Amino acid sequence: MELDQMDVNEWKYHGEGNKSLVVSHLQRSQVFRFLKYPASDTENLCKTARNAFIHVQKIVDFSKNVMKPLLGENYVHHGVVVQLPLEFVQSVCLKVQQERPESRCDKMMDTFSGYALCLPNLTKLPAFHFSEKQSSLCIEIKPKCGFLPFSRHVSRETKYRVCRFCMHQHLKLANGKWHRMSRYCPLDLFSGSKQRMSFALKNLLQEPQNNLKIFKNGTLIYGCKDEKDSLQDLNTLIHHLKPYFYPANGLISGSHGTRTVLNELIHVITVALLNATDSRRKYIPEGRTYCEASTLHREILRKGISGLPKDCVLSKILQAQTLDNLDIEGLYPLYRRVQQHLEEFPEERTRLQIDGPYDKSFLEKLENVQPEDDGTVEYAVQKVHQYRVAMTAKDCSIMIAFSPCAEDELPDSHLVIPSSKSRFTYSVSILDLDPKPYENIPHQYKLDGKIVNYFLKKTLGKQEHEDCTLVLHSV
Ligand SMILES: O=P(O)(O)O[C@@H]1[C@@H](OP(=O)(O)O)[C@H](OP(=O)(O)O)[C@H](O)[C@H](OP(=O)(O)O)[C@H]1OP(=O)(O)O
Ligand SMILES: Nc1ncnc2c1ncn2[C@@H]1O[C@H](COP(=O)(O)OP(=O)(O)OP(=O)(O)O)[C@@H](O)[C@H]1O
């Protein structure tokens, strides 16, 4: 790729989140991920090119040296920092503006620095998996936190029983982020039980919010850009899916047909999510493994604790998430200890690697935390690092790309759908592995209190007699 000869006509809007905007190449399997800034923040110094470069390089280092070893070589693509001509970046910004969902326009793309992250387009299969002409489907899932806290520092009994995602739904509806409740529960998806996973996936298809997207040949065909602009018509989705699962069969129709096609899709996703080299070794996190807010029948929830094959993608993510073993309530006092130390000795920020570098030594410290608190700042800072890594794992997304393949060209990672005998080759990747800022910890602490309080107010009312003082502390 000649970076000095970029043509804006070869790039299109692909998607965005809270912190970055992504454009994809029309032919090549490549994306550029640009940083975003609050539109009101015109004076902000982080717009200097040097700071933007440092920021994007830290994202690469964190993905490569910290998240990749934890999550697995095959799943993580850390990408490279590229410097693009400002003229090209500004043209991209203009071109994509009308495609952007309204709710994301409070932030603008970085057109000042020229730096971006260049990554493979993970909605498409790597070229060696299939011929370029083959049509591909991709499912993106943002699974969120898949375990209930097991820390003794938790002050509210409810947190041991109802997961954060399910509690958070109530607050999100109240503040207008979404208008319909999602019945998806991450604990069902992470359970390893096919029945519970299927239930979770059906709920994601029913109400995707920002937790499910489907792409066909790299273009979004199903999911929620935002509340105002949603692509959520299941019939249209079925229409797109049928040729993949029933290539030679026009007979499948009606509600039975719809169910069958969705079940096949769910089967493919489940197989990809559970795929492991050794499926006998299981991972089950500490604490209760089902959430009381899940609408699945209690008996199924209780019995459906199969555990995840240890090296499948879900298990890798869950193990990284459980590095948060103190819960924000146990972590916050340690954050305060680090903060006090830094106020007294600001120069210690570098030695303690608060803002990186995210290198091997950062990972080693993270993996060798002493079991007991000895009152030192070293212990506190290591727990803070662990917590931040867990936060990244709680907010990442999984991409499952698959494409039909012929019987005589079955690659290693393939699956065959039993009913229709369709054959697919597939790949699984994890994206959005940016480091979460140290400065966000007080916000996390406050938000945790808000989520629990609102959930209790909404669902239990006066029945709950827990002590609320802890969460009302000012931070
Ligand atoms: O706090 P949460 O659980 O609401 O997660 C935020 C996400 O909201 P969600 O609940 O998934 O809709 C939020 O997603 P949306 O912008 O709502 O799509 C971001 O991913 C945010 O991360 P960051 O601040 O951009 O690094 C996420 O913030 P972090 O908690 O990961 O910092
Ligand atoms: N390498 C990639 N290949 C294909 N699509 C991608 C890639 N990276 C990101 N995307 C798409 O762009 C969207 C936004 O990217 P990403 O999740 O990294 O943004 P973000 O701002 O960090 O999100 P968040 O709101 O979670 O912080 C993703 O949901 C995904 O659909």
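For the structure itself, consult the block above.
Bear in mind the structure is a predicted one, so any value in this text is a computation, not a measurement.

## Remarks on the site of ligand 1
Neighbouring residues of ligand 1: 16 residues in total, closest R104, K172, K177, D395 and K436. Contact distances for ligand 1 include 2.8 Å between an oxygen atom and a side-chain N or O atom of N18. In the model, an oxygen atom of ligand 1 is placed 2.7 Å from a nitrogen or oxygen of the R104 side chain. When contributions to the shell around ligand 1 are tallied by element, the ones reaching two or more residues are α4 (164-174) and α15 (441-459). The element that contributes the greatest number of residues to the shell around ligand 1 is α4, accounting for 3 residues. The residue makeup of the shell around ligand 1, split by class, is 2 nonpolar, 5 polar and 9 charged.

## Some words on empty space enclosed by the protein
For the structure shown, the criterion picks out 4 cavities of 30 Å³ or more. Taken together, 14 residues form the lining of the largest cavity, with F190, S191, P285, T289 and L318 sitting closest to its centre. Residues belonging to the lining of the largest cavity are distributed by class as follows: 9 nonpolar, 4 polar and 1 charged. Forming the boundary of the second largest cavity are Y387, R388, M391, K436, P437, N440, I441 and Q444. Taken together, the elements giving at least two residues each to the lining of the second largest cavity come down to α14 (377-394) and α15. By residue number, the principal contributor to the lining of the second largest cavity is α14, which donates 3 residues.

## A short note on the site of ligand 2
Near ligand 2, the surroundings consist of 22 residues, among which N18, K19, S20, E140 and D432 are the closest. Interatomic distance of 2.5 Å between a side-chain N/O atom of E140 and an oxygen atom of ligand 2. Residue K213 places a side-chain N or O atom 2.8 Å away from an oxygen atom belonging to ligand 2. Contact with the protein chains removes 94% of the 620 Å² of surface that ligand 2 exposes when unbound. Broken down by secondary-structure element, the contributors of at least two residues to the shell around ligand 2 are β1 (11-16), β2 (20-25), β3 (30-38), β6 (115-120) and β8 (212-216). Class assignment of the residues belonging to the shell around ligand 2 gives a composition of 8 nonpolar, 6 polar and 8 charged.

## Here's the deal with the packing of aromatic side chains
If you walk through the whole model with that rule in mind, you get 14 aromatic pairs. Where F32 meets F88, the ring centres are 6.3 Å apart and the plane angle is 80°; that geometry is what we call edge-to-face. With F32 in strand β3 and F88 in helix α2 (residues 86-96), this pair connects stretches of sequence that are 56 residues apart. By the burial criterion, F32 is buried, and F88 matches it. For the pair Y335 and Y438, a centre-to-centre distance of 5.0 Å together with 45° between the ring planes defines the contact as tilted. Of this pair, Y335 sits in helix α11 (residues 327-344) while Y438 is found in the loop between β15 (423-431) and α15, placing the two residues 103 residues apart along the sequence. Given the relative accessible area of 6%, Y335 is considered buried. R288 extends its terminal NZ or CZ atom over the ring of Y290, reaching a point 5.2 Å from the ring centre.

## Here's the deal with the environment of R351
Within the fold, R351 resides in helix α12 (residues 348-351). Residue classification places R351 among the partly exposed positions, given a relative accessible area of 44%. Expressed as a C-alpha distance, the spacing of R351 and H239, which sit 112 residues apart in the sequence, is 57 Å. Filtering out sequence-adjacent residues up to four positions away, R351 remains in contact with K365 and E378. Here E348 takes part through its side chain, which lies 2.6 Å from a polar atom of the side chain of R351.

## Observations regarding the nonpolar core
Among the nonpolar cores identified, the biggest contains 80 residues, and V66, F245, L273 and F402 are the most heavily contacted of them. Per-element accounting of this core gives the leading share, 9 residues, to helix α8 (residues 254-274). Core analysis: the second largest hydrophobic core is formed by 21 residues, I328, L352, Y387 and M391 among them.

## Details of α15
Taking 1.5 Å as the rise per residue, α15 with 19 residues should run 27 Å; its terminal C-alpha atoms sit 27 Å apart, in good agreement. All of the buried residues along α15 are I441, P442, Q444, Y445, L447, D448, G449, I451, V452, Y454, F455 and L456.

## Quick look at the environment of Y244
Among the structural elements, Y244 can be located in helix α7 (residues 234-245). Considered as a pair, Y244 and S136 are 108 residues apart in the sequence and their alpha carbons are 8.9 Å apart. Setting aside residues no more than four positions away along its own chain, Y244 makes contact with S135, S136, L137, K216, N217, P404, S422 and F424. Looking at Y244, its side chain comes within polar contact range of the side chain of S135, at 2.4 Å.

About the criteria used
Residues numbered from 1 in each chain as written. Chains lettered and ligands numbered in written order. Predicted model: local features only at pLDDT ≥ 70, side-chain atom pairs only at ≥ 80, totals over all residues. Heavy atoms only, no water. Near = heavy atom within 4 Å. Polar contact = N/O pair within 3.5 Å; in protein donor to acceptor, adjacent residues only side chain to side chain. Helix = DSSP H or I, 4+ residues; strand = E, 2+ residues; numbered from the N terminus. Nonpolar A, V, L, I, M, F, W, Y, C, P; charged D, E, K, R; others polar. 1 Å grid on protein atoms, 1.4 Å probe; cavity = no way out; pocket = protein on both sides within 12 Å on 5 of 7 lines; lining within 4 Å. Points joined across faces, edges and corners; volume = space filled by probe spheres on them. Areas by Shrake-Rupley, 256 points an atom, 1.4 Å probe, with all protein chains shown as cover. Phe/Tyr/Trp six-rings, centres within 6.5 Å; stacked < 30°, edge-to-face > 60°. Buried < 20%, exposed > 50% of the residue type's maximum accessible area, 1.4 Å probe, protein only. Lys NZ or Arg CZ within 6 Å of the ring centre and 35° of its normal. Contact = heavy atoms within 4.5 Å. Core = buried A, V, L, I, M, F, W, Y, C linked by side-chain atoms within 4.5 Å. Expected span 1.5 Å × (residues − 1).

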